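If you want the building blocks of each chain, they are given just below.
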Amino acid sequence: MAAALQSTDRLAPEELSAWLRLLLTPGVGRTTARRLLAACGGAQNIWSGPPAAWHGLVTAAQAHSLQTVPQRLEQLVAATVQWLDQPASGQLHAVLALGHPQYPQALLQTEDPPLLLHVQGSERCMVGSGPWFPYPQSLAMVGSRGPTVQGAANARAMAQALAEAGLCIVSGLAQGVDGAAHEGALRAVLRTGAQAAPVTIAVVGTGLDQVYPRRHIGLAREVACHGLIVSEYPLGTGPMAAHFPQRNRIIAGLSQGTLVVEAALQSGSLITARLASEQGREVFAIPGSIHAPQSRGCHALLRQGAKLVETAQDVLDELQGTAVRLPLAKQVPAAAAVQSAQDHENDATLRALAHDPLSLDELMDRTGMDAAALQAHLLELELEGRVERLPGGLFQRLAQA
(Lines give C-alpha, C1' and ligand atoms only; values in the text may rest on other atoms or scores of the structure.)
Protein backbone atom coordinates (compact mmCIF):
# COMPACT_ATOMS: atom_id res chain seq x y z
CA MET A 1 0.00 0.00 0.00
CA ALA A 2 2.79 2.39 0.89
CA ALA A 3 4.45 1.75 -2.45
CA ALA A 4 1.38 3.05 -4.27
CA LEU A 5 1.71 6.39 -2.55
CA GLN A 6 5.43 6.61 -3.23
CA SER A 7 5.18 6.17 -7.01
CA THR A 8 3.58 8.89 -9.12
CA ASP A 9 2.09 10.80 -6.15
CA ARG A 10 5.36 11.45 -4.35
CA LEU A 11 7.44 14.54 -5.08
CA ALA A 12 10.79 13.79 -6.68
CA PRO A 13 13.77 14.99 -4.57
CA GLU A 14 14.56 17.85 -6.95
CA GLU A 15 10.95 19.04 -6.92
CA LEU A 16 10.80 18.72 -3.14
CA SER A 17 13.98 20.78 -2.96
CA ALA A 18 12.42 23.52 -5.10
CA TRP A 19 9.36 23.75 -2.88
CA LEU A 20 11.36 23.74 0.36
CA ARG A 21 13.68 26.40 -1.01
CA LEU A 22 10.67 28.60 -1.70
CA LEU A 23 9.44 28.06 1.87
CA LEU A 24 12.85 28.84 3.38
CA THR A 25 13.63 31.97 1.36
CA PRO A 26 13.50 34.91 3.78
CA GLY A 27 11.28 37.82 2.85
CA VAL A 28 9.15 35.81 0.43
CA GLY A 29 5.71 35.19 1.90
CA ARG A 30 2.96 32.91 0.70
CA THR A 31 1.28 35.56 -1.45
CA THR A 32 4.50 36.34 -3.33
CA ALA A 33 5.29 32.64 -3.60
CA ARG A 34 1.92 31.88 -5.18
CA ARG A 35 2.45 34.77 -7.62
CA LEU A 36 5.79 33.28 -8.63
CA LEU A 37 4.33 29.80 -8.99
CA ALA A 38 1.53 31.06 -11.23
CA ALA A 39 3.85 33.11 -13.43
CA CYS A 40 6.62 30.52 -13.73
CA GLY A 41 4.43 27.42 -13.97
CA GLY A 42 5.77 25.49 -10.99
CA ALA A 43 8.32 25.51 -8.20
CA GLN A 44 11.22 24.09 -10.22
CA ASN A 45 10.68 26.65 -12.99
CA ILE A 46 11.21 29.50 -10.52
CA TRP A 47 14.86 28.49 -10.17
CA SER A 48 15.54 27.10 -13.66
CA GLY A 49 15.00 30.39 -15.47
CA PRO A 50 16.96 33.66 -15.26
CA PRO A 51 16.26 36.09 -12.39
CA ALA A 52 14.91 38.48 -15.02
CA ALA A 53 11.82 36.26 -15.14
CA TRP A 54 10.92 37.54 -11.66
CA HIS A 55 10.75 41.15 -12.87
CA GLY A 56 7.53 42.78 -11.76
CA LEU A 57 6.72 39.90 -9.45
CA VAL A 58 9.05 40.60 -6.54
CA THR A 59 10.93 43.51 -4.99
CA ALA A 60 14.67 43.99 -5.39
CA ALA A 61 15.26 42.68 -1.86
CA GLN A 62 13.15 39.60 -2.56
CA ALA A 63 14.98 38.97 -5.83
CA HIS A 64 18.28 39.05 -3.94
CA SER A 65 16.95 36.54 -1.39
CA LEU A 66 15.67 34.26 -4.13
CA GLN A 67 19.13 34.05 -5.70
CA THR A 68 20.67 32.83 -2.43
CA VAL A 69 20.33 29.13 -1.62
CA PRO A 70 19.28 28.75 2.05
CA GLN A 71 22.07 27.23 4.12
CA ARG A 72 20.03 24.37 5.57
CA LEU A 73 18.20 23.44 2.36
CA GLU A 74 20.29 20.38 1.50
CA GLN A 75 20.10 19.06 5.05
CA LEU A 76 16.33 19.63 5.19
CA VAL A 77 15.72 17.86 1.88
CA ALA A 78 17.70 14.84 3.10
CA ALA A 79 15.84 14.79 6.41
CA THR A 80 12.47 15.06 4.66
CA VAL A 81 13.26 12.23 2.24
CA GLN A 82 14.30 10.06 5.19
CA TRP A 83 11.09 10.99 7.03
CA LEU A 84 9.02 10.06 3.95
CA ASP A 85 10.79 6.70 3.75
CA GLN A 86 10.44 5.72 7.40
CA PRO A 87 6.87 6.03 8.74
CA ALA A 88 5.77 4.01 11.75
CA SER A 89 4.12 0.67 11.13
CA GLY A 90 0.63 1.07 9.69
CA GLN A 91 1.20 4.73 8.88
CA LEU A 92 2.29 6.84 5.92
CA HIS A 93 4.14 10.13 5.56
CA ALA A 94 3.52 12.49 2.66
CA VAL A 95 4.29 16.00 1.44
CA LEU A 96 1.49 17.58 -0.58
CA ALA A 97 2.24 20.63 -2.71
CA LEU A 98 -0.33 22.90 -4.31
CA GLY A 99 -1.66 20.92 -7.26
CA HIS A 100 -1.03 17.49 -5.73
CA PRO A 101 -3.98 15.15 -6.41
CA GLN A 102 -4.54 14.65 -2.66
CA TYR A 103 -4.14 18.31 -1.69
CA PRO A 104 -7.40 19.20 0.13
CA GLN A 105 -9.75 21.00 -2.24
CA ALA A 106 -11.38 22.81 0.69
CA LEU A 107 -8.13 24.73 1.31
CA LEU A 108 -7.98 25.80 -2.33
CA GLN A 109 -11.25 27.64 -1.72
CA THR A 110 -9.61 29.83 0.94
CA GLU A 111 -7.67 33.05 0.38
CA ASP A 112 -4.39 31.77 1.82
CA PRO A 113 -3.81 28.07 1.12
CA PRO A 114 -0.48 26.68 2.40
CA LEU A 115 2.20 25.98 -0.19
CA LEU A 116 3.08 22.58 1.27
CA LEU A 117 1.34 20.24 3.66
CA HIS A 118 3.29 17.63 5.58
CA VAL A 119 0.93 14.78 6.47
CA GLN A 120 1.35 11.86 8.85
CA GLY A 121 -1.40 9.36 9.46
CA SER A 122 -3.09 6.02 9.27
CA GLU A 123 -2.40 3.99 6.15
CA ARG A 124 -6.14 3.19 6.03
CA CYS A 125 -6.90 6.90 5.65
CA MET A 126 -4.16 7.75 3.15
CA VAL A 127 -4.63 5.19 0.38
CA GLY A 128 -7.58 3.98 -1.63
CA SER A 129 -10.29 5.87 -3.44
CA GLY A 130 -11.57 8.00 -0.57
CA PRO A 131 -10.33 11.54 0.18
CA TRP A 132 -7.78 11.97 2.91
CA PHE A 133 -9.56 15.13 4.03
CA PRO A 134 -13.30 14.34 4.18
CA TYR A 135 -14.77 17.79 3.62
CA PRO A 136 -17.69 18.54 4.02
CA GLN A 137 -18.04 15.78 6.62
CA SER A 138 -15.71 17.56 9.03
CA LEU A 139 -16.09 19.97 11.92
CA ALA A 140 -13.48 22.07 13.68
CA MET A 141 -13.63 22.10 17.47
CA VAL A 142 -11.58 24.73 19.29
CA GLY A 143 -11.53 26.49 22.63
CA SER A 144 -9.62 27.50 25.71
CA ARG A 145 -6.24 26.05 26.62
CA GLY A 146 -7.36 26.29 30.25
CA PRO A 147 -10.97 25.14 30.14
CA THR A 148 -13.17 24.41 33.10
CA VAL A 149 -13.67 20.76 33.99
CA GLN A 150 -17.14 21.02 32.46
CA GLY A 151 -15.78 22.62 29.30
CA ALA A 152 -13.30 19.81 28.73
CA ALA A 153 -16.02 17.24 29.42
CA ASN A 154 -18.34 18.98 26.96
CA ALA A 155 -15.64 18.90 24.29
CA ARG A 156 -14.99 15.18 24.74
CA ALA A 157 -18.67 14.26 24.77
CA MET A 158 -19.55 16.46 21.80
CA ALA A 159 -16.60 15.22 19.73
CA GLN A 160 -17.43 11.60 20.48
CA ALA A 161 -21.10 11.99 19.55
CA LEU A 162 -20.26 13.85 16.32
CA ALA A 163 -17.54 11.36 15.37
CA GLU A 164 -19.96 8.47 15.94
CA ALA A 165 -22.39 10.30 13.64
CA GLY A 166 -19.77 10.33 10.89
CA LEU A 167 -18.03 13.69 11.25
CA CYS A 168 -14.25 14.06 11.26
CA ILE A 169 -13.16 16.28 14.17
CA VAL A 170 -10.49 18.84 13.24
CA SER A 171 -8.52 20.62 15.96
CA GLY A 172 -5.06 21.86 16.87
CA LEU A 173 -3.62 19.31 19.38
CA ALA A 174 -3.18 22.12 21.93
CA GLN A 175 -3.79 21.49 25.60
CA GLY A 176 -7.30 22.09 26.85
CA VAL A 177 -10.30 21.93 24.53
CA ASP A 178 -8.24 20.88 21.48
CA GLY A 179 -6.85 17.84 23.24
CA ALA A 180 -10.26 16.95 24.70
CA ALA A 181 -11.83 17.14 21.22
CA HIS A 182 -9.26 14.72 19.78
CA GLU A 183 -9.74 12.41 22.77
CA GLY A 184 -13.51 12.39 22.28
CA ALA A 185 -13.19 11.56 18.60
CA LEU A 186 -10.80 8.71 19.41
CA ARG A 187 -13.30 7.32 21.91
CA ALA A 188 -15.70 6.95 18.99
CA VAL A 189 -13.22 4.53 17.41
CA LEU A 190 -13.44 2.30 20.49
CA ARG A 191 -17.23 2.16 20.08
CA THR A 192 -17.54 1.93 16.30
CA GLY A 193 -14.24 0.28 15.30
CA ALA A 194 -11.52 1.36 12.84
CA GLN A 195 -12.66 3.57 9.97
CA ALA A 196 -11.32 4.08 6.47
CA ALA A 197 -11.81 7.86 6.79
CA PRO A 198 -9.90 9.82 9.45
CA VAL A 199 -11.88 10.18 12.66
CA THR A 200 -9.85 13.24 13.67
CA ILE A 201 -7.29 15.61 12.10
CA ALA A 202 -4.73 17.58 14.13
CA VAL A 203 -3.32 20.71 12.49
CA VAL A 204 -0.14 21.65 14.34
CA GLY A 205 2.16 24.67 14.49
CA THR A 206 5.46 22.74 14.47
CA GLY A 207 7.24 20.37 12.15
CA LEU A 208 5.82 16.85 12.24
CA ASP A 209 8.98 15.49 13.85
CA GLN A 210 8.03 17.39 17.01
CA VAL A 211 5.03 17.36 19.33
CA TYR A 212 3.85 20.41 21.25
CA PRO A 213 2.88 20.37 24.04
CA ARG A 214 5.06 17.44 25.05
CA ARG A 215 2.31 16.03 27.24
CA HIS A 216 0.42 15.21 24.04
CA ILE A 217 3.01 12.81 22.63
CA GLY A 218 0.75 9.85 23.39
CA LEU A 219 -2.31 11.65 22.04
CA ALA A 220 -0.47 12.54 18.83
CA ARG A 221 0.47 8.88 18.40
CA GLU A 222 -3.20 7.87 18.71
CA VAL A 223 -4.34 10.58 16.29
CA ALA A 224 -1.81 9.33 13.73
CA CYS A 225 -3.14 5.77 14.16
CA HIS A 226 -6.75 6.73 13.47
CA GLY A 227 -6.54 9.98 11.55
CA LEU A 228 -4.07 12.57 10.30
CA ILE A 229 -1.57 15.09 11.68
CA VAL A 230 -0.93 18.01 9.34
CA SER A 231 1.56 20.89 9.26
CA GLU A 232 2.61 23.50 6.73
CA TYR A 233 5.95 23.89 8.50
CA PRO A 234 9.13 22.00 7.52
CA LEU A 235 10.60 19.31 9.72
CA GLY A 236 12.66 20.70 12.57
CA THR A 237 10.37 23.71 13.07
CA GLY A 238 9.86 24.25 16.79
CA PRO A 239 6.91 25.91 18.52
CA MET A 240 6.75 29.65 17.83
CA ALA A 241 3.97 31.94 19.00
CA ALA A 242 3.28 33.29 15.49
CA HIS A 243 2.71 29.82 14.04
CA PHE A 244 -0.39 28.96 16.07
CA PRO A 245 -2.67 31.77 14.82
CA GLN A 246 -1.43 30.93 11.31
CA ARG A 247 -2.44 27.27 11.59
CA ASN A 248 -5.95 28.35 12.64
CA ARG A 249 -6.79 29.25 9.03
CA ILE A 250 -6.06 25.63 8.05
CA ILE A 251 -8.24 24.27 10.87
CA ALA A 252 -11.12 26.45 9.69
CA GLY A 253 -10.43 25.78 6.02
CA LEU A 254 -10.54 21.99 6.34
CA SER A 255 -13.91 22.09 8.09
CA GLN A 256 -17.49 22.72 7.09
CA GLY A 257 -18.03 24.53 10.36
CA THR A 258 -16.28 25.55 13.57
CA LEU A 259 -17.59 24.85 17.07
CA VAL A 260 -16.16 26.96 19.90
CA VAL A 261 -16.56 25.17 23.23
CA GLU A 262 -15.08 27.70 25.66
CA ALA A 263 -13.11 30.85 24.87
CA ALA A 264 -12.16 34.12 26.53
CA LEU A 265 -12.71 37.36 24.65
CA GLN A 266 -9.02 37.53 23.70
CA SER A 267 -8.68 34.01 22.33
CA GLY A 268 -7.14 32.35 19.30
CA SER A 269 -10.35 30.34 19.05
CA LEU A 270 -12.21 33.50 18.06
CA ILE A 271 -9.66 33.96 15.25
CA THR A 272 -10.57 30.50 13.99
CA ALA A 273 -14.28 31.35 14.21
CA ARG A 274 -13.75 34.62 12.33
CA LEU A 275 -11.78 32.85 9.60
CA ALA A 276 -14.51 30.22 9.30
CA SER A 277 -17.14 32.93 8.93
CA GLU A 278 -15.08 34.77 6.30
CA GLN A 279 -14.75 31.51 4.37
CA GLY A 280 -18.52 31.07 4.36
CA ARG A 281 -18.41 28.20 6.88
CA GLU A 282 -20.80 27.72 9.79
CA VAL A 283 -19.88 28.97 13.28
CA PHE A 284 -21.26 27.31 16.42
CA ALA A 285 -20.78 28.12 20.11
CA ILE A 286 -21.66 26.44 23.40
CA PRO A 287 -22.98 28.94 25.97
CA GLY A 288 -21.83 28.94 29.58
CA SER A 289 -22.21 30.74 32.86
CA ILE A 290 -22.40 34.54 32.68
CA HIS A 291 -19.81 34.59 35.47
CA ALA A 292 -17.19 32.43 33.73
CA PRO A 293 -14.45 34.27 31.77
CA GLN A 294 -14.09 31.18 29.55
CA SER A 295 -17.66 31.70 28.32
CA ARG A 296 -17.44 35.33 27.27
CA GLY A 297 -15.93 34.60 23.87
CA CYS A 298 -18.72 32.12 23.11
CA HIS A 299 -21.35 34.62 24.21
CA ALA A 300 -19.79 37.27 21.95
CA LEU A 301 -20.00 34.85 19.02
CA LEU A 302 -23.65 34.11 19.81
CA ARG A 303 -24.43 37.84 19.80
CA GLN A 304 -22.78 38.03 16.38
CA GLY A 305 -24.99 35.29 14.96
CA ALA A 306 -23.22 32.02 15.77
CA LYS A 307 -25.49 29.01 16.17
CA LEU A 308 -26.18 28.09 19.81
CA VAL A 309 -25.27 24.46 20.59
CA GLU A 310 -26.57 22.44 23.52
CA THR A 311 -26.35 18.95 21.99
CA ALA A 312 -24.55 17.27 19.12
CA GLN A 313 -27.88 17.10 17.34
CA ASP A 314 -27.91 20.92 17.12
CA VAL A 315 -24.75 20.76 15.01
CA LEU A 316 -25.99 17.90 12.84
CA ASP A 317 -29.33 19.57 12.17
CA GLU A 318 -27.55 22.67 10.89
CA LEU A 319 -25.01 20.82 8.76
CA GLN A 320 -27.58 18.48 7.25
CA GLY A 321 -29.16 21.41 5.46
CA THR A 322 -25.93 22.36 3.68
CA ALA A 323 -24.08 19.08 3.14
CA VAL A 324 -24.56 15.33 2.95
CA ARG A 325 -27.16 13.92 5.29
CA LEU A 326 -25.63 12.34 8.37
CA PRO A 327 -27.06 9.81 10.80
CA LEU A 328 -28.57 11.25 13.95
CA ALA A 329 -26.34 11.52 16.98
CA LYS A 330 -27.20 9.21 19.82
CA GLN A 331 -29.24 11.02 22.43
CA VAL A 332 -29.10 10.43 26.19
CA PRO A 333 -32.28 8.46 26.98
CA ALA A 334 -34.87 10.55 28.80
CA ALA A 335 -35.12 7.89 31.54
CA ALA A 336 -31.41 8.27 32.29
CA ALA A 337 -31.75 12.03 32.61
CA VAL A 338 -34.75 11.63 34.95
CA GLN A 339 -32.90 9.10 37.09
CA SER A 340 -29.88 11.43 37.28
CA ALA A 341 -32.13 14.23 38.51
CA GLN A 342 -33.76 11.96 41.08
CA ASP A 343 -30.34 10.83 42.35
CA HIS A 344 -29.33 14.40 43.19
CA GLU A 345 -32.59 16.20 43.94
CA ASN A 346 -32.11 15.70 47.69
CA ASP A 347 -28.56 17.09 47.75
CA ALA A 348 -28.95 20.49 49.40
CA THR A 349 -25.53 21.72 48.25
CA LEU A 350 -26.25 20.97 44.60
CA ARG A 351 -29.67 22.60 44.87
CA ALA A 352 -28.09 25.67 46.45
CA LEU A 353 -25.42 25.93 43.76
CA ALA A 354 -27.78 25.74 40.79
CA HIS A 355 -25.34 26.47 37.92
CA ASP A 356 -23.88 29.85 38.92
CA PRO A 357 -20.63 30.14 40.89
CA LEU A 358 -21.01 30.86 44.62
CA SER A 359 -18.58 31.53 47.44
CA LEU A 360 -18.28 29.37 50.53
CA ASP A 361 -20.03 32.03 52.64
CA GLU A 362 -22.95 32.22 50.19
CA LEU A 363 -23.29 28.43 50.26
CA MET A 364 -23.23 28.42 54.08
CA ASP A 365 -26.08 30.94 54.08
CA ARG A 366 -28.11 28.90 51.57
CA THR A 367 -27.55 25.45 53.08
CA GLY A 368 -27.29 26.27 56.78
CA MET A 369 -24.21 24.02 57.02
CA ASP A 370 -21.10 24.98 59.01
CA ALA A 371 -17.84 25.66 57.15
CA ALA A 372 -16.12 22.37 58.03
CA ALA A 373 -19.05 20.16 57.02
CA LEU A 374 -19.68 22.14 53.84
CA GLN A 375 -16.03 22.04 52.75
CA ALA A 376 -15.92 18.28 53.30
CA HIS A 377 -19.06 17.79 51.26
CA LEU A 378 -17.80 20.07 48.47
CA LEU A 379 -14.59 18.04 48.28
CA GLU A 380 -16.66 14.86 47.97
CA LEU A 381 -18.72 16.42 45.16
CA GLU A 382 -15.53 17.57 43.41
CA LEU A 383 -14.09 14.06 43.47
CA GLU A 384 -17.36 12.72 42.05
CA GLY A 385 -17.20 15.25 39.20
CA ARG A 386 -20.36 17.10 40.26
CA VAL A 387 -18.81 20.38 41.43
CA GLU A 388 -15.87 22.42 40.16
CA ARG A 389 -13.70 24.68 42.30
CA LEU A 390 -13.06 27.99 40.46
CA PRO A 391 -10.41 30.69 41.04
CA GLY A 392 -11.29 33.18 43.76
CA GLY A 393 -12.75 30.60 46.14
CA LEU A 394 -15.90 30.04 44.09
CA PHE A 395 -17.72 26.76 43.48
CA GLN A 396 -19.84 25.82 40.49
CA ARG A 397 -22.18 22.89 39.87
CA LEU A 398 -21.33 20.93 36.72
CA ALA A 399 -24.05 20.55 34.13
CA GLN A 400 -24.52 16.80 34.47
CA ALA A 401 -24.92 16.97 38.27
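All of these numbers come straight from a predicted model, not from anything done at the bench.

1. Observations regarding the overall build of the protein
Logical step 1: Along the protein, the regular secondary structure elements total 19 helices and twelve strands.
Logical step 2: A total of 401 residues make up the protein; the buried ones form 50% of that total.
Logical step 3: In the protein, the share of contacts with a sequence separation of at least 24, taken over all contacts with a separation of at least 6, comes to 72%.

2. Re helix H13 (residues 268–278)
Logical step 1: Considered for burial, the residues of H13 that qualify are Ser269, Leu270, Thr272, Ala273, Leu275 and Ala276.
Logical step 2: Contacts made by the buried residues of H13 are with strand E3 (138–142), helix H12 (243–253), strand E7 (257–260), strand E8 (282–285) and helix H14 (296–303).
Logical step 3: With its phi angle positive at about 80°, Gly280 sits one or two positions after the end of H13.

3. Quick word on the packing of helix H10 (residues 177–192) against helix H11 (residues 217–226)
For any two helices packed against each other, one specifies the crossing angle of their axes together with the interaxial distance.
Logical step 1: At a closest axis distance of 10 Å, the pairing of H10 and H11 adopts a crossing angle of 45°. For the element pair H10 / H11, the angle class is oblique. When you trace H10 past H11, the crossing you get is left-handed. Note on element contacts: H11 touches H10 through Leu219, Glu222, Val223 and His226, opposite Gly179, His182, Glu183, Leu186 and Val189.
Logical step 2: For the contact of H10 with H11, the residue count by class is four nonpolar, three polar and two charged.

4. Describing the side chain of Thr25
Logical step 1: Tracing the sequence through the fold places Thr25 in the loop between helix H2 (13–24) and helix H3 (30–40).
Logical step 2: Of the residues examined, Thr25 reaches a relative accessible area of 3% and is grouped as buried.
Logical step 3: A polar contact is formed between the side chain of Thr25 and the backbone oxygen of Arg21, at a distance of 2.7 Å.
Logical step 4: Look past the residues within four positions of Thr25 in its chain and what remains in contact with it is Trp47, Ser65, Leu66 and Pro70.

5. Quick notes on empty space enclosed by the protein
Logical step 1: In the structure shown here, the tally under the stated rule is two cavities of 30 Å³ or more.
Logical step 2: Residue lining of the second largest cavity: Gly172, Leu173, Val204, Gly205, Thr206, Tyr212, Phe244 and Arg247, and that is the complete set.

6. Topic: the nonpolar core
Logical step 1: The biggest cluster of nonpolar side chains holds 68 residues, and the ones touching the most others in it are Leu22, Leu139, Met141, Leu162 and Leu259.
Logical step 2: In this structure Leu259 touches Leu139, Ala140, Met141, Val142, Met158, Phe284, Ala285, Ile286 and Val309, once residues within four positions along its chain are discounted.
Logical step 3: Core analysis: the next-biggest nonpolar cluster, separate from the first, contains 35 residues, Leu107, Phe133, Ile201 and Leu228 among them.

7. Here's the deal with the environment of Gln246
Logical step 1: Looking at the secondary structure, you find Gln246 in helix H12.
Logical step 2: Its relative accessible area of 31% is what places Gln246 among the partly exposed residues.
Logical step 3: Remark: the alpha-carbon pair of Gln246 and Pro114, spanning 132 residues in sequence, is separated by 9.9 Å.

8. Here's the deal with the state of the cysteines
Logical step 1: If you walk through the whole model with that rule in mind, you get zero disulfides.
Logical step 2: Cys125 supplies the cysteine sulfur nearest to Cys168, a cysteine that is in no disulfide, at a spacing of 8.3 Å.

9. Details of the sheet that holds strand E10 (residues 358–359)
Hydrogen bonds between backbone groups are what pair the strands of a sheet, and the pairing can be parallel or antiparallel.
Logical step 1: Taken in spatial order, the three strands of this open sheet run E10-E12-E11, and their pairing is antiparallel. Whereas interior strands pair on both sides, the edge strands pair on one side only; in this sheet they are E10 and strand E11 (387–390).
Logical step 2: The sheet contact formed by E11 and strand E12 (residues 394–397) spans four bridges and is antiparallel. Bridge assignment links Val387 to a residue of E12, and that residue is Arg397.

Cut-offs used in this document
Residues numbered from 1 in each chain as written. Predicted model: local features only at pLDDT ≥ 70, side-chain atom pairs only at ≥ 80, totals over all residues. Heavy atoms only, no water. Helix = DSSP H or I, 4+ residues; strand = E, 2+ residues; numbered from the N terminus. Buried < 20%, exposed > 50% of the residue type's maximum accessible area, 1.4 Å probe, protein only. Contact = heavy atoms within 4.5 Å. Axes fitted to C-alpha atoms, helices over the stretch in contact; angles between N-to-C directions. Parallel < 35°, antiparallel > 145°, perpendicular 65-115°, else oblique. Left-handed = near helix turned anticlockwise from the far one by under 90°. Nonpolar A, V, L, I, M, F, W, Y, C, P; charged D, E, K, R; others polar. Polar contact = N/O pair within 3.5 Å; in protein donor to acceptor, adjacent residues only side chain to side chain. 1 Å grid on protein atoms, 1.4 Å probe; cavity = no way out; pocket = protein on both sides within 12 Å on 5 of 7 lines; lining within 4 Å. Points joined across faces, edges and corners; volume = space filled by probe spheres on them. Core = buried A, V, L, I, M, F, W, Y, C linked by side-chain atoms within 4.5 Å. Disulfide = S-S within 2.5 Å. Pairing = 2+ DSSP bridges.

None of the figures reported here should be taken as evidence of function without further support.
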